[in-house]
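Spelled out from the first residue to the last, the chains are:
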Amino acid sequence: MSLSVEQVMALAPVIPVLVVERVEDALPIAQALVKGGLPALEVTLRTPAALDVIREMAKVEGAVVGAGTVLNPRQLDAAMEAGARFIVSPGLTDPLGRAAIAANIPFLPGTATAGDIMRGMDMGLTHFKFFPAETSGGLPALKALAAPLQESRFCPTGGITAESAPRWLAEPFVQCVGGSWVVPKGPIDPARIEALAREAAALTGNKLCSG
Ligand SMILES: O=C[C@H](O)COP(=O)(O)O
Ligand SMILES: CC(=O)C(=O)O
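Identification of the protein chain as 2-dehydro-3-deoxy-phosphogluconate aldolase from Sphingobium wenxiniae is taken from an unreviewed UniProt entry. Under the UniProt heading Catalytic activity (unreviewed entry), the note attached to the protein chain is "2-dehydro-3-deoxy-6-phospho-D-gluconate = D-glyceraldehyde 3-phosphate + pyruvate". Turning to the protein chain, the UniProt record has this under Sequence similarities (unreviewed entry): "Belongs to the KHG/KDPG aldolase family."

Structure, rendered in C-alpha cells:
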C-alpha cells in the first residue's frame, strides 16, 4: 500500500536514520525497530550494502522502509527499485524534487533556509526535513522559519536525541523527528535497539522540557 508523506510522518514520533554496513544486520535491526514501535525506517544510501538492506528490511511485516541520502534521480530510481516507499534527501535540488514528484513517492527534502522551503513550496511540496537541525540554529531557527511559512510541516533531523526530541515534538509544525540514536554504532544488539525504539515511540511533545 502506498502512503502519503503525511502518513509516513504520522507513523511514529521518530524516524530512525540508519547507516547499515552489513546486509545480514538488516533483518534484526528492522525487526527490533518495528517491534519497539518504530515502523518508518530511513536507510541511508551511505554504504555499498544500502540497496540490499532496503530489500531485506522491506520483507519485515509492518516496516515502511524508505531511502535516505538520496542525492539525484538515478539514486531515487535505484531506491524505488529496491522497494523504498519514501525518499529522504539532505537537500533539495530541482532534478531530484521533480523526479520524486513525477514518481509520486513521499519525499522529504532537507531544508535549512526560507529559500529552500520556498523552492519546495513552488514545486508543490509541503513537508520538509529540517537539516542539519541543531547546527542550523536548532528549534529557535525552525520556529522563526515556520512563522511566515505556516503551511509547512517538518521532520527535524541532525543532532536530535531522546532528551531533546520532546522540545521539537511540542511544536505544531513538527510532525516527527529523525535521528540515529535508536541504533547505536557497534555490534547489533536487538534487545537494546528494541528498548531504545520503545522509548522513542513513546515520546511526545513536552513544553516543560528544558535545554
Ligand atoms: O546525517 C545525520 C543523520 O541525518 C542523522 O543525524 P544524527 O546522527 O545527528 O541523528
Ligand atoms: C542526512 C539526510 O538528510 C539524509 O541522509 O538523507
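(A) Highlighting the overall build of the protein chain. A count of helices and strands for the protein chain gives nine helices and eight strands. Expressed as lengths along the three principal axes of its C-alpha atoms, the size of the protein chain is roughly 45 × 40 × 30 Å.

(B) Molecular detail of the nonpolar core. Of all hydrophobic cores here, the largest spans 67 residues; its most connected members are Leu33, Val43, Ile54, Met57 and Ile87. Per element, the largest residue contribution to this core is six residues, and it comes from helix H2 (residues 26–36). Not counting residues within four places of it along the chain, the set of residues in contact with Leu33 comprises Pro16, Leu38, Leu41, Val182, Ile193 and Ala197.

About the criteria used
- Residues numbered from 1 in each chain as written.
- Chains lettered and ligands numbered in written order.
- Predicted model: local features only at pLDDT ≥ 70, side-chain atom pairs only at ≥ 80, totals over all residues.
- UniProt positions renumbered as here; feature names shortened; annotations may be inferred.
- Helix = DSSP H or I, 4+ residues; strand = E, 2+ residues; numbered from the N terminus.
- Core = buried A, V, L, I, M, F, W, Y, C linked by C-beta atoms within 7 Å.
- Buried ≥ 20, exposed ≤ 12 C-beta atoms within 10 Å, placed from the backbone.
- Contact = placed C-beta atoms within 7 Å.

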